[in-house]
Amino acid sequence: MNEQRRAFESYSDQRPEDDRDTSSPKNDYVRAWDLPTRLFKWSLVALIITAWISSSFDDPDMVVHKAAGYGVLVLVVYRILWGIVGSSTARFSNFVRSPSAVWNYLKALRRKRAGRYLGHNPAGGLMVVGLLLVCAIQGLLGLFSTDGVTAAGPFAEAAGDTISGWAARIHSIWFYVAILGLAGLHIAANLYYQFVKRDNLIGAMITGRKTRANYVDRKETQGDRCFSQQSVCLRPSVSSMGRLACLVEPFSIQPEVFSFPM
């Protein structure tokens, strides 16, 4: 019992949620999200919407849809790498928690005792992992899918008609059930924090800043000023993914569009 109580209290609010340090008007905001994390989020949103809309285009070869799909896979790899070498709030080690920790946080949230987090709270961390997983599965299914006419993923022929047909059906269902389902839950959670808990999550993912407060996880993001050094680690992997996409199924996009300027 004592161990469970301590685990629960670790995710409970140990300070009043509105206990903000306003001693200096010049220091009302702190860094929360680095630029690469913000670019990833909004780029992923744009690519998912593009893939969804373009699936109904009068485009037998689904060139735009495929390009968006490759882009999603590139972003998934990008985010995984950035979760290792990125700034403090972007790293998986700082927000991925055990199922029991997530459950304890949700119980504290229900009792209005949940602490405020500068980065992802335990439930938000689980959502990030879930979204990366469902997007990766969706992109991989697309590589093996075919409509049986002209549009096909690069590995559909090697997989055979039966497997590629199954992949196409799951690819369609997975989008509406898994991706749109999680996306809807993610949007609802953000609106709840934005308007009920008065935690400006949406604005912070645009500006990268949050109001200074006594956050549970940390006072301010660390490591975001090392962007130039960290992006050197990401450049080869993202460029390689783009070149692979053009290699397995060449179309109008050239590998150079995936290259980073030196």
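Calculation rules
- Residues numbered from 1 in each chain as written.
- Predicted model: local features only at pLDDT ≥ 70, side-chain atom pairs only at ≥ 80, totals over all residues.
- Heavy atoms only, no water.
- Helix = DSSP H or I, 4+ residues; strand = E, 2+ residues; numbered from the N terminus.
- Buried < 20%, exposed > 50% of the residue type's maximum accessible area, 1.4 Å probe, protein only.
- Phe/Tyr/Trp six-rings, centres within 6.5 Å; stacked < 30°, edge-to-face > 60°.
- Lys NZ or Arg CZ within 6 Å of the ring centre and 35° of its normal.
- Salt bridge = Lys/Arg side-chain N within 4 Å of Asp/Glu carboxyl O.

Caption draft 1: Region of interest: the environment of Ile49. Residue placement: Ile49 occurs in helix H2 (residues 35–54). For Ile49, a relative accessible area of 42% puts it in the partly exposed group. Taking the C-alpha atoms as reference, Ile49 lies 9.0 Å from Ala68; in sequence the two are 19 residues apart.

Caption draft 2: Molecular detail of the packing of aromatic side chains. With the rule as written, the count across this model stands at seven aromatic pairs. Each member of the aromatic cluster is reached from another via a ring pair, and the members are Trp52, Phe175 and Tyr176. Stacked on the ring of Phe40, the Lys or Arg Arg79 has its end atom at 6.0 Å from the ring centre. Its end group placed over the ring of Tyr29, Arg209 keeps NZ or CZ at 4.7 Å from the ring centre.

Caption draft 3: Molecular detail of the pattern of salt bridges. What the rule picks out here adds up to two salt bridges. Residue Asp199 is joined to Arg116 by a salt bridge in which the shortest nitrogen-to-oxygen separation is 3.8 Å. Of the two residues, Asp199 is situated in the loop between helix H7 (161–195) and helix H8 (201–207) and Arg116 in the loop between helix H4 (99–110) and helix H5 (122–143); the sequence distance between them amounts to 83 residues. Grouping residues by exposure puts Asp199 and Arg116 together as buried. For Asp199, the salt bridge goes to Lys210, with nearest N and O atoms at 3.8 Å. Taken together, the positions of Asp199 in the loop between H7 and H8 and Lys210 in strand S2 (residues 209–211) put the pair eleven residues apart, joining distant regions of the chain. Like Lys210, Asp199 is buried. In this structure, a network of salt bridges that share partners links the residues Arg116, Asp199 and Lys210.

Shape descriptors only; they carry no functional weight alone.
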